[in-house]
Structures are given as C-alpha cells and as structure tokens.
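# Observations on the three-dimensional arrangement
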Amino acid sequence: MTKVERYSDTRLKNGFFAYILLSEPLQFRTGEILAAVREDYPSLVWTDSLNMDTPFDTNSFGLGVFFSQKSDVPEPSMTRLTSIKGLLEVNWDDVLWKSRYTNPGGKAAVAAHVNHLCISLESVDSTLPARFDAARRLTCLAAVFAKLPTCTGVYLPSADQLVTPANWVTAADVAIKAEFPSLQWMSLAVNRFKDPGETDLVTVNTIGLAAFTGTEVAMPKTRLPAGDAAKWVHSAAVMLAQYGHKFVDGDTLGPDHLPDKVRLRFAPEGKHGMQTDTWVLFHPNCMLDEMAMFGERSRPPAPAGVKNQIRGDEGWLGKKLYAFVAGGRH
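Before going into details, it helps to say that this report is about the structure given with it. Model, not experiment: these values are computed from the prediction.

### Digging into the overall build of the protein
Per the secondary structure count, the protein includes 11 helices and 14 strands. By the compact-globule yardstick of 20 Å for 330 residues, the protein fits well, its C-alpha radius of gyration being 21 Å. With the C-alpha coordinates of the protein rotated into their principal frame, the extents come out at 65 × 50 × 50 Å. Of the charged side chains in the protein, 34 are positive and 36 negative; the average position of the first set lies 4 Å away from that of the second.

Quick look at the structure:
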C-alpha cells in the first residue's frame, strides 16, 4: 500500500509561483530580464547555462527558461516564465478577502488587469535556507516586473494573497537583507464572529508559513481585539522563520514584563481539523479549554525562581543562508 505523504511535508517540496497582473500586454527579451535582476540585486548570483535570449509576448502563449550552471553557489535548476493570453482565473473573492488589510485596493487592481505572466521555480531542497533562497529569487525576479507602471499587483498562491507592486518591491529589498518579508510571503486570515452568548471573538491564522517551516500558526476563539491577536500570530511566525526559535509544546510565549503569557500547543496535521502541523496559541482570553483539547503538556514548568527563557538569534537566518550558499562551494 502506497504511503500518503503528509501535506505539511508536501508544502516544503512544492514550487514557488508568482503571477504578475498587467494592465496591458508586455513584450520583452528574456536576456533583458536576467540582466535587470542582476543589476537590481547584484548580491544574488544568477546563472544561465543556455543563454537563450528569446523574445516573449504576454499576449500569447509564451515560455522562457533559465537553466542554472553547476557553479559554486546552489541555485534552483530551472526558472520558468510562462504566459497565456488573457486574465488570471482564480477565486478572486476569496483572495481579496484574505488580502483586504494589506491591499485594500485589490479589487481595482484585479479589474484593471488584462494580461498576466507567471514566474516559477523549485527550491534546491526542503530546508528553510533553501526555501528562503528560492522565494527570494522568485521575489526579486518578479520585482523587475512589479516596478513597471503596467503592473497592477502580484498574486502569490502559497500565501493566497494579492500584493501591491510597491509592497512586492519592498519584499525583495527585505529578503535581500536576509530578513523574512512576512507581510508579503504569508497572509493573516482574521475571522470575527460571536459565540452563542453574543461575545465578540476572533480567530487568526497564518497562510503561507508552511511553505518555509512546514507549520502554520493559529490563535483561536479569543476575546482579544483582532489587531492584538494578529500581532501575537505574526510575532510567533516571524520567530520561527527568521529568528530560529524552537517551540516546545506547553511552553509559553511573551515579553518578560507581561504577567499573562500565551501558551503554545502543537497540533499535528489532522488534529482538530488542521490542514498542516500547526502551533496553536492559547491566550488567557481564549474561550477554548486548552487541556481538554490537547491534554497534559509535554514537559513540567520550571521550578519556582528558575528562569527558563529562550531568546532568538537576531542574525540566525543570515547565518543559515550563508552556510547554505557556502555549502555549495565544497
């Protein structure tokens, strides 16, 4: 019997895609694009073994490919530019709802586009440095197009959100500095509702973090203001992706000066309907019973007077990326 691969693991193997929405068809040569990305982001080594400077027109079926050389820097083996004449067909209502806070003008951007271009590539492996490197390459290459006045937005399927051209260029600038552009590479789904007693509740979860860590983060059914809940979820995601935190089931999260900490519980894929492995944040204002849902915590609390604090490394991601690139030189 064939073993079914976990979706959490599949997320770390899937390729990265970016769709450029254009207000009018675009003609270019692939050599021009490669030269532009090298000029705009010179620290990013990008080879092309075929050197095929082919013409490209987004108003028809188009295919452009860059094949990497076997050099001393690990690169995705192939980067593809593809186009099919016409509009990008996705469930825009759902995408725009998820993007409503970061891209309030998204509906107009979708309405203005008449054409689109897709850029795609795969990571060298499923480690976080390789995933970051692949997403960074995709972002920088797509930023060349996002800088054009005819670009109305960039759709990132892994986060299921539409990013403004300006914010996409910002993401490239951030990623080049070995920092995680969290508001572009993942989205925060904010759901407001009322319980049977008419109490205002909010659930917030990430979409897209699993493409880098294999996990998502969620804060369910809390009485916190939506913005506060989103900050907790966002902070936890950045701690995992950029600062190298290793969360442990049952530990707490929060600044030293806050008396009320957030409890971390790990939900493996499938538990409580989770699509991927998920770190669930239980705030004291949560309406759910943590112990009833997850049972005993995996390790006892620290003895009285003993501080069991774990702090992230400010330069952790940069070190990991350096080791990833340097590893290709041996």
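### Quick look at the packing of helix α2 (residues 30-40) against helix α5 (residues 128-146)
Axes are the key here: two packed helices are described by the angle between their axes and the distance separating the axes. Contact geometry for α2 and α5: axes closest at 9 Å, N-to-C directions at 105°. With respect to α5, the axis of α2 lies roughly perpendicular. Across the interface between the two elements, Ile33, Ala36, Val37 and Asp40 from α2 touch Cys140, Leu141, Val144 and Phe145 from α5.

### Looking at unusual backbone geometry
One non-glycine residue, Ala178, lies in the positive phi region at around 60°. With respect to the helices and strands, the residue Ala178 is situated in the loop between α6 (165-176) and α7 (182-185). The backbone phi angle of His272 is positive, close to 55°, even though this residue is not glycine. When you line up the elements, His272 lands in the loop between β13 (262-267) and β14 (277-282). The exposure class of His272 is partly exposed, given its relative accessible area of 43%.

### Digging into a nonpolar patch on the surface
Taken together, the side chains of Leu50, Met52 and Phe67 make up a nonpolar region of the molecular surface, amounting to roughly 260 Å² of accessible area. Position of Leu50 among the secondary structure elements: in the loop between α2 and β3 (55-57).

### Brief notes about the pairing of β14
Each regular strand carries side chains that alternate between the two faces of the sheet. Most of β14 sits inside the fold, with 6 of its 6 residues counted as buried. Residues of β14 alternate between two faces, with Asp277, Trp279 and Leu281 on one and Thr278, Val280 and Phe282 on the opposite face, all of them buried. Bridge count for strand β11 (residues 215-222) against β14 is 4 bridges, and the pairing is parallel. Bridge pairing in β14 places Ala218 opposite Val280. Bridge count for β13 against β14 is 5 bridges, and the pairing is antiparallel. Note that in β14 the partner of Ala267 across the bridge is Thr278.

### Brief notes about the nonpolar core
Within the largest apolar cluster, 73 residues are counted, with the highest numbers of intra-cluster contacts made by Leu81, Phe145, Trp168, Val217, Leu253 and Leu281. If near-sequence neighbours (up to four positions away) are discounted, Phe145 is found in contact with Ile20, Leu26, Phe28, Ile33, Leu81, Leu117, Ile119 and Cys151.

Reading the values: the criteria
Residues numbered from 1 in each chain as written. Predicted model: local features only at pLDDT ≥ 70, side-chain atom pairs only at ≥ 80, totals over all residues. Heavy atoms only, no water. Helix = DSSP H or I, 4+ residues; strand = E, 2+ residues; numbered from the N terminus. Rg over C-alpha atoms; globule rule 2.2 N^0.38 Å. Lys, Arg positive; Asp, Glu negative; His and termini not counted. Charge placed at Lys NZ, Arg CZ, Asp CG, Glu CD. Axes fitted to C-alpha atoms, helices over the stretch in contact; angles between N-to-C directions. Parallel < 35°, antiparallel > 145°, perpendicular 65-115°, else oblique. Contact = heavy atoms within 4.5 Å. Buried < 20%, exposed > 50% of the residue type's maximum accessible area, 1.4 Å probe, protein only. Patch = residues over 30% accessible without salt bridge, like charges linked within 9 Å, V, L, I, M, F, W, Y side chains within 5 Å. Areas by Shrake-Rupley, 256 points an atom, 1.4 Å probe, with all protein chains shown as cover. Salt bridge = Lys/Arg side-chain N within 4 Å of Asp/Glu carboxyl O. Pairing = 2+ DSSP bridges. Core = buried A, V, L, I, M, F, W, Y, C linked by side-chain atoms within 4.5 Å.

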